[in-house]
Amino acid sequence: MLSFALISGSIEQGLAYGIMALGVFITYRVLQFADLTVDGTFPLGAAVAASLIVSGTSPFVACLVAMLAGMLGGALTGFLHTKLRIAGLLAGILTMTGLYSVNLRIMGRANIPLLRQPTVFTILEELLPKVPYLQLLVLLLLAVVIKLLLDAFLATDIGLAMRATGDSPEMIRSLGVDTEAMTIAGLSLANGLVAFSGALVAQYQGFADVGMGIGTVVVGLASVIIGTGIIRSHAVFHSTLGVLVGAIIYRLAIFFALRMGLEPTDLRIMTAVLVIAALALPTVKTRWRERRLSRLVASENARLLAEGYVGQKEEAGCVRDSQSA
Amino acid sequence: MLEIANLHKTFVVGGVAPRGALAGVDLKVLPGEFVTIIGSNGAGKSTLLNAIAGVFPVDRGIILLDNEDITLQPEHKRAAYIGRVFQNPLQGTAASMTIEENLAMAMRRGQRRGLKRGLTARSRKQIKESLAVLGLGLEDRLQCPVGLLSGGQRQALALVMATLVRPRLLLLDEHTAALDPTTAEQIILLTQRIVSQEGLTTLMVTHSLDQALRLGDRTIMMHEGQIVLSVSGPERAQMGVEDLLEEFRKLRGVQVTDDSLLLTTSA
Ligand SMILES: Nc1ncnc2c1ncn2[C@@H]1O[C@H](COP(=O)(O)OP(=O)(O)O)[C@@H](O)[C@H]1O
Ligand SMILES: [Mg+2]
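Along each chain, the written sequence defines residue order, and numbers are assigned to residues from 1. Think of it this way: whatever chain is written first is A, whatever ligand is written first is 1, and the rest follow in order. pLDDT decides what is reported in this predicted model: residues at 70 or higher carry local features, side-chain atom pairs at 80 or more are listed and counted, and totals for whole chains, interfaces and linings draw on all residues regardless. As a rule here, side-chain values cover all heavy atoms of the structure and leave hydrogens and water aside.

Novice: Hey, could you run me through the site of ligand 1 in this one?
Specialist: Residues and elements named next belong to chain B. One heavy atom within 4 Å of a molecule or strand is enough for the residue carrying it to be called near that molecule or strand. By nearness alone, every residue bordering ligand 1 is listed as F11, V13, R19, A21, S40, N41, G42, A43, G44, K45, S46 and T47. Each polar contact in these results corresponds to two N or O atoms within 3.5 Å; when the atoms are within protein, one needs to be able to donate a hydrogen and the other to accept it, and residues that are neighboring in sequence are counted only if both atoms are side-chain atoms. Here A43 contributes a backbone N or O atom positioned 3.2 Å from an oxygen atom of ligand 1. Here an oxygen atom of ligand 1 and a side-chain polar atom of T47 are 2.5 Å apart. We get accessible surface area from the Shrake-Rupley algorithm with a probe of 1.4 Å; when it comes to residues, only the shown protein chains can shield them. A total of 550 Å² of accessible area belongs to ligand 1 in isolation, and the protein chains cover 64% of it. Here the element with the most residues in the shell around ligand 1 is helix α1 (residues 45-53); it accounts for three residues. Grouping the amino acids of the shell around ligand 1 by side-chain chemistry returns four nonpolar, six polar and two charged. In DSSP terms, a helix is any run of H or I states spanning at least four residues, a strand is any run of E spanning at least two, and both are numbered starting from the N terminus. Residue polarity follows a fixed list, in which Ala, Val, Leu, Ile, Met, Phe, Trp, Tyr, Cys and Pro are nonpolar, Asp, Glu, Lys and Arg are charged, and the others, Gly among them, are polar.

Novice: Whenever I open this one, unusual backbone geometry confuses me. Can you help?
Specialist: Outside of glycine, negative phi angles account for most residues, and trans bonds account for most peptide bonds. The phi dihedral of Y133(A) falls on the positive side, at around 55°, and the residue is not glycine. Residue position: Y133(A) is located in the loop between α5 (120-127) and α6 (134-154). The backbone of D66(B) sits at a positive phi, close to 50°, despite the residue not being glycine.

Novice: Looking at this structure, how should I read the sheet that holds strand β4 (residues 60-65) of chain B?
Specialist: The four strands are arranged β2-β1-β4-β5 (chain B) in an open sheet whose pairing can be described as antiparallel. Two strands close off the open sheet at either side, each with one partner strand: β2 (20-29) and β5 (68-69) of chain B. Pairing between strands is defined by DSSP: at least two bridges between them are needed.

Novice: Could you clarify how one ought to interpret the pairing of strand β6 (residues 82-85) of chain B in this entry?
Specialist: The side chains of a regular strand alternate between both faces of the sheet. Residues and elements named next belong to chain B. Under the scheme applied here, a residue whose accessible area is under 20% of the maximum for its type counts as buried, over 50% as exposed, and between as partly exposed, the area being computed with a 1.4 Å probe on protein chains only. Residues I82 and R84 line one face of β6 and the alternating positions G83 and V85 line the opposite face, and both faces are buried. Pairing between β6 and strand β7 (residues 169-173): four bridges, direction parallel. Considered in β7, the bridge of G83 is made with L170.

Novice: In this structure, what is going on with the packing of aromatic side chains? I would like to understand it.
Specialist: Residues and elements named next belong to chain A. Put simply, two rings from Phe, Tyr or Trp (the six-membered ring, in Trp's case) pair if the centres are within 6.5 Å, and we call them stacked under 30 degrees between planes, edge-to-face over 60, tilted for the rest. On inspection of all chains with the given rule, the structure shows five aromatic pairs over all chains. Between the aromatic rings of F4 and Y133, the centroid separation amounts to 5.1 Å while the plane-to-plane angle is 80°, which identifies the pairing as edge-to-face. Of this pair, F4 sits in helix α1 (residues 4-30) while Y133 sits in the loop between α5 and α6; the two residues are 129 residues apart in sequence, bridging distant segments of the chain. Overall, Y133 belongs to the partly exposed group, its relative accessible area being 37%.

Novice: Whenever I open this one, the environment of L65(B) confuses me. Can you help?
Specialist: In this structure, L65(B) sits in strand β4. In contact with L65(B), other than residues within four places in its own chain, are M1(B), L2(B), I70(B), Y81(B), I82(B), R168(B) and L169(B). Whether two residues are in contact is decided by their heavy atoms, any of which lying within 4.5 Å being enough.

Novice: Help me understand the interface of chain B and chain A in this model?
Specialist: When the parts come together, some accessible area is lost, and that loss is often what is quoted as the size of the interface. Between chain B and chain A, the contact holds 31 residues from the first and 21 residues from the second. Note: buried area is the sum, over both parts, of the accessible area (probe 1.4 Å) each one loses when the two are combined. Summed over both partners, the interface of chain B with chain A buries about 2200 Å², with 59% contributed by carbon and sulfur atoms. When the buried surface of chain B facing chain A is broken down by residue, H76(B), M105(B) and R113(B) rank first, second and third, together holding 25% of it. Salt bridge, as used here: a side-chain nitrogen of Lys or Arg that lies within 4 Å of a carboxyl oxygen of Asp or Glu. Across the contact surface, chain B and chain A share three salt bridges. A salt bridge links E101(B) to R163(A); its shortest N-O distance comes to 3.1 Å. Counting the contacts that link chain B with chain A gives 13 residue pairs in polar contact (both at pLDDT 80 or more). Sorting elements by how many residues they give to the side of chain B that touches chain A places helix α3 (residues 99-107) of chain B first, with five residues.

The structure is reproduced here in structure tokens:
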């Protein structure tokens, strides 16, 4: 029998990573920009938060500084892309690659354990010792508040302009919006959320590791694709809700896959295959429909030819000509 | 009033000896004047409109709008007072956003955008009113994503968006070329109505010689990056499509058998 206690950990992780997925949603869906910076800003957030906590800074302040660091990383990718005209994918890869060294510098080593350190979770547990599932509630509250703030932001004048920057840049420029500034701001905001999520995950799992960023963007994409596939809507409110739900479903899927005997080392390929399948599905569906249709057309045409509906005269002439020649 | 002097623009593409897309354009458009622009494919019509809108920097020349030098202003700055409608209906509206969101963005043209809500009860009311005059029933579909509308509806919306905040200059680049004839005519009627009601200074590129003569106050013809003909007043009123073709032959000394040379089929 599956108890809630058993899956609550997966839900917690889903919520913590869901904040990262909201960042991926901003770049991938709102700006329509495949941003790989995420793989660098997620561990950046963890590195900044862990280093600050170890050096005695309040975990809450550490989270905020981590977020600011992530915003800088995103802004750098935006700068590379808009001002220096480097292709979006490459701009993200360059920032991510550079951040690997930065993260090592910040941490001073490859891994910082936080086991005996105060974290946002331990502090709140001391304040509210009697609340059950406190960790889950804290993460739920954070994720939902961030989701609602993001919804509200995307409905402001700047938010609308940011959405239009991804949808129809010529149009929104012709309405007086600096789309380059919007792209930089959007990437910055997105990576701020990603780094914040990295800071939370480090405190949740009890360590920051320089390698913890690998594949983050794919996990984010998986969450966005699963979530917006389940909750199909044009409305931002539904899409962001879908992203959080998608992130939780993703974690639960992993939980069950592991329970069914999947090796933890195989998780990444499972995630990649999942995203490939989701992205390829529309194309495969179309191809399949076309194939079936052309098979129908072929058999119909064969019948028309056999019944002498079309093609008889010319064919007879051809045969006669070739015989006389 | 729009004043353009000695405007030059050359696109350098991969080392090929470049030819001037704009080779010294001089143009003066009076306040409230509606100018139609014709010319063969590649004559530089779109380049002229894009140069005025600031899509790219020009090589030489000056652009004054209401006595303000906008030659070096970035595109998004001058967009504060220049309204545009593009040929492609997909380009002029944001498909994934709702009708009211699109219009809300248009209402902010030229203003600072901040963290105020884009849509309020008041702006919704204003949006409804400006859509109701179209007679397309769009005012009852405010929450509908624009992507679900037809090309004609989207182009009507784009026209409203370009003029919602009164622009000092309206630029229309073959904005009916992608539509079927009936829809195109409806958009032309709408264009005429909005331009005359608001008294907008307007430049309209069209591939229809008939349309060029029928609409507006003046017709100019472009050829190889220059304005080669400008007719207005009684002279223009008496002109027919045949006369325009004749003018073209005289001016360029080339043999034009039919109007195919003047018909623009693509952007
Ligand atoms: N962005 C661009 N890059 C390179 N060449 C361009 C560009 N835009 C226009 N041109 C060239 O400039 C010339 C004028 O084009 P255009 O203004 O689009 O003509 P049209 O009168 O048909 O609108 C053409 O030779 C075209 O190939
Ligand atoms: Mg053109």
